[in-house]
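Residue-level listing of the chains:
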Amino acid sequence: MQYSASTTPLRSPYMSSSTSALHLRVDFVSEVAHCHINSPQHITRQVDTECALSELESELKCSVCKDFYDVPMSSKCQHTFCAECAKFDYNNKKTGLCCPTCGYSFTSFTQFYKNTLIEDLIKEYKSNRESIAHLYALGKQAEERECREEKEGSIKATNSNSNCNFNSSPFGGTTKSKCASEKSIHKNDNDGNGQKRKRTDDNDNKLLPLNKNIRTSNNQLCKKPKIAYGLMNEKKLKNLLKEEGLPAYGSKNEMIARHSYFINLYNSNVDATIPKSKGELLRDMKKWERAHQSNEAKDANLIKKTLTNSEEINSYVISPNKYRNQFAELIQQAKINKRRRETA
Amino acid sequence: MSNALFTKRLSKELVDLKINPPVGIEVTEADTFKSWKLTLDGVDGTLYAGERFTLEFRFSPNYPMESPEVVFTGNIPIHPHIYSNGHICLNVLYNQWSPVLSVRSVCLSIQSMLSSCTCKEPPPDNNHYVKTAKASPKQTQWSFHDDSV
Ligand SMILES: [Zn+2]
Ligand SMILES: [Zn+2]
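None of the values given here were measured: they were computed from a predicted structure.

**Q** Honestly, the overall build of chain B in this entry has me stumped. Any pointers?
**A** Helix and strand counts for chain B come out as three helices and four strands. From first element to last, N terminus to C terminus, chain B shows the α and β order α-β-β-β-β-α-α. With 149 residues in all, chain B has 53% of them scored as buried. Partitioning the intrachain contacts of chain B with sequence separation of at least 6 by distance along the chain shows that 58% fall at a separation of at least 24. Surface accessibility of chain B: about 6,200 Å² in total, with carbon and sulfur atoms responsible for 50%.

**Q** Is there a simple way to think about the packing of aromatic side chains in this case?
**A** Across all of its chains, the model carries 14 aromatic pairs over all chains by this definition. A centroid spacing of 4.6 Å and a plane angle of 10° characterise the contact between Tyr261 of chain A and Trp288 of chain A, whose relative ring orientation is stacked. In this pair, Tyr261 of chain A is assigned in helix H11 (residues 252–271) and Trp288 of chain A in helix H12 (residues 278–296), connecting sequence segments 27 residues apart. Overall, the relative accessible area of 15% leaves Trp288 of chain A in the buried class. Between Tyr83 of chain B and Trp142 of chain B the ring centres are 5.9 Å apart and the planes differ by 45°, which places this aromatic pair in the tilted class. Of this pair, Tyr83 of chain B sits in the loop between strand S4 (69–73) and helix H2 (103–115) while Trp142 of chain B is found in the segment after helix H3 (126–132), placing the two residues 59 residues apart along the sequence. Here the aromatic residues Trp36, Phe57, Phe59, Tyr63 and Trp97 of chain B are joined through ring pairs into a cluster of three or more. When the ring centre of Phe68 of chain A is taken as origin, the NZ or CZ atom of Lys61 of chain A, which lies over that ring, is 5.2 Å away.

**Q** I keep staring at the coordination of the zinc ion (ligand 2) and nothing clicks. Help me out?
**A** Geometrically, a metal with four donors at the corners of a regular tetrahedron has ideal angles of 109.5 degrees, and one with six donors at the corners of a regular octahedron has ideal angles of 90 or 180 degrees. All names here are of chain A. Of the protein atoms, only Cys77 (SG), His79 (ND1), Cys99 (SG) and Cys102 (SG) coordinate the zinc ion (ligand 2), at distances of 2.0 to 2.3 Å. Coordination at the zinc ion (ligand 2) comes from four donor atoms whose angles at the metal span 105 to 114°, giving a geometry best classed as tetrahedral. Summarised as a motif, the one-chain spacing of the donors to the zinc ion (ligand 2) is C-x1-H-x19-C-x2-C. Highlighted residues: His79 in the loop between strand S1 (72–74) and strand S2 (80–82) and Cys102 in the loop between S2 and strand S3 (113–114), separated in sequence by 23 residues. The class for His79 is partly exposed, based on a relative accessible area of 22%. Judged by relative accessible area, Cys102 falls into the partly exposed class, the value being 25%.

**Q** Would you mind showing me how to read the coordination of the zinc ion (ligand 1) here?
**A** Residue and element names in this part refer to chain A. Of the protein atoms, only Cys62 (SG), Cys65 (SG), Cys82 (SG) and Cys85 (SG) coordinate the zinc ion (ligand 1), at distances of 2.2 to 2.4 Å. Coordination at the zinc ion (ligand 1) comes from four donor atoms whose angles at the metal span 103 to 114°, giving a geometry best classed as tetrahedral. Coordination of the zinc ion (ligand 1) draws on donor residues from a single chain, spaced C-x2-C-x16-C-x2-C in sequence.

**Q** Explain the sheet that holds S2 of chain A here, please?
**A** Note: strands within a sheet are paired through backbone hydrogen bonds, in either parallel or antiparallel orientation. Residues and elements named next belong to chain A. One open sheet accounts for three strands, arranged S2-S1-S3; its pairing is antiparallel. Strands at the two margins of the open sheet, each flanked by one partner only, are S2 and S3. Where S1 and S2 come together, three bridges link them in antiparallel fashion. Each bridged residue has a counterpart across the sheet, and for Pro72 the counterpart in S2 is Cys82.

Here is what the cut-offs are and how they apply
Residues numbered from 1 in each chain as written. Chains lettered and ligands numbered in written order. Predicted model: local features only at pLDDT ≥ 70, side-chain atom pairs only at ≥ 80, totals over all residues. Heavy atoms only, no water. Helix = DSSP H or I, 4+ residues; strand = E, 2+ residues; numbered from the N terminus. Buried < 20%, exposed > 50% of the residue type's maximum accessible area, 1.4 Å probe, protein only. Contact = heavy atoms within 4.5 Å. Areas by Shrake-Rupley, 256 points an atom, 1.4 Å probe, with all protein chains shown as cover. Phe/Tyr/Trp six-rings, centres within 6.5 Å; stacked < 30°, edge-to-face > 60°. Lys NZ or Arg CZ within 6 Å of the ring centre and 35° of its normal. Donors = N, O, S within 2.8 Å, 3.2 Å for Na, K, Ca; no water. Tetrahedral: all angles 85-135°; square planar, octahedral: opposite > 155°, others 65-115°. Pairing = 2+ DSSP bridges.

In C-alpha cells:
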C-alpha cells in the first residue's frame, strides 16, 4: 500500500484528460439508452450487423490505435500500422526495432511502405458503410424468413418462389454469416493473448473442420515437378501435354508456355484450402488460352486463329452432351435466320 | 501527437470493455486516463474460484508505446508470480510489451496466469523483494525464467 502514496505526484500532469474520459461515459450511456428505445428484435438485428461489420472493420483498423488506418504503412512481414503508430518507442526494449504484431525485426523504418490499397479501401468503406449495413440487414432478414419457412415445413408454391429470391441475398447463404459472427466471438474470447493470437491465427484457419475433411480426402494430391523444356523435342512436349489432357498444338514456345502455366496452376491448387477438380483446372486453362491467344493472335491471320480455336475447343471438351443442346439450338437459330433472309 | 494516440486508444478501450466485457473482468473506476481500476474474478474450477481481486492500471502519456504499470491492490492473490506488494512478474508487462496489447489482453493474461496455477504459494524471494522493490514494478529488473506457471 506504500506505493499508492508515492505515485501521487506522477498522476497530476494528466489531469486535463479526465474531462474527456467523463465525456466518453456520457456518450456511452446515451448510446445504451438509444438502444432501449428500439424494439428488442430491432436491437438484436442492429447488434448482429454491428458485429458482422466490426469483423470486417477490424481488418481495416490499426492494432496500435484501434482506429481506421491513418496513412497505412505496411512492412515486410505483412503487418500494417498508421504512419504515426509505426513510430514505436522501443527505448525500454532489449529487442530493438521489431513488429509489434509478429516480432519481425527491422533494421530501419524505411522498410515500411505506404499501402495505398488499404487507404483506398478505407475511403470506399467509410463512404459506403451505411449501404453495406443496410444490405447486410436485408440479407439477414431474408435469412430469418428462410429459416422460419424451413421450420414451418409446409412449402407453398408461392413461398418456394420467394425463397429463390432470398437465396441470392447480398450476403449469400446462412452458413456464411453464421461463420462470421462465430469467428468474431472467437476472436474476442482469445484477445487475451493478443500477440500469440495473431501469430497462430493462420494455423487456426487451416484447422477449420471443413477444410480438414477436404484435405484428408485429397491426400493423394502432390505437386508436379518443374520440367527443363529446353532439353525436349516437340514430340516429347506433345506427349507431356496429352498426358495432362491439354491441347498439343502450336509452336514449341506456345506448348511450353501452356504446359508450364498448367504446372503452376496445378501446384498452386495443391496448396489451396479447397482444391479444385481437374475438370475445373482444365476450364481455367481454357480461359487462359483464350486470353493468351487474343494477345498473340494479333499478328496471326484470322483463318489460322479460328482454326486453332476450334481445335482448342475440341480438345477441351469434357462432356460433349452438355453442349449438344446448345448446338441444336444454334442450328435451329441458323435455320430461322436463313428462312428470314429468303423471305426478305 | 503521442497524446492524441494516448487518449484515442484509451477511450476506445474503455468503450470496448464496457460494451463487451470479458468474463470475470469489470472496469470499476476509470474517471481519468491516468489510472483505472478493474476487478478480476477467479475462474470457476481453479484455485482462485470465488475470489475477487482488484487490478490498478497506471498509464503514461506514452501508452500504448510504453507498457502500463499494472499492480494488484487490496486483496492480493497468493501466487508464485505475484508479490505481496501487488507487483506481478509477467513478461508482457515489461520487456515483452507490444503496442498491440491492451488492458483487455493484459487482464486476460493475468486471469490465465492465475487459472493455470497449481499451488497457491508466494514467490520464494517475496520477503526480500518486497523490502527492496521500488514503488513501480517497471523499475524492477525482471528475469523471466519460469514459463510453466
Ligand atoms: Zn494506428
Ligand atoms: Zn509483423
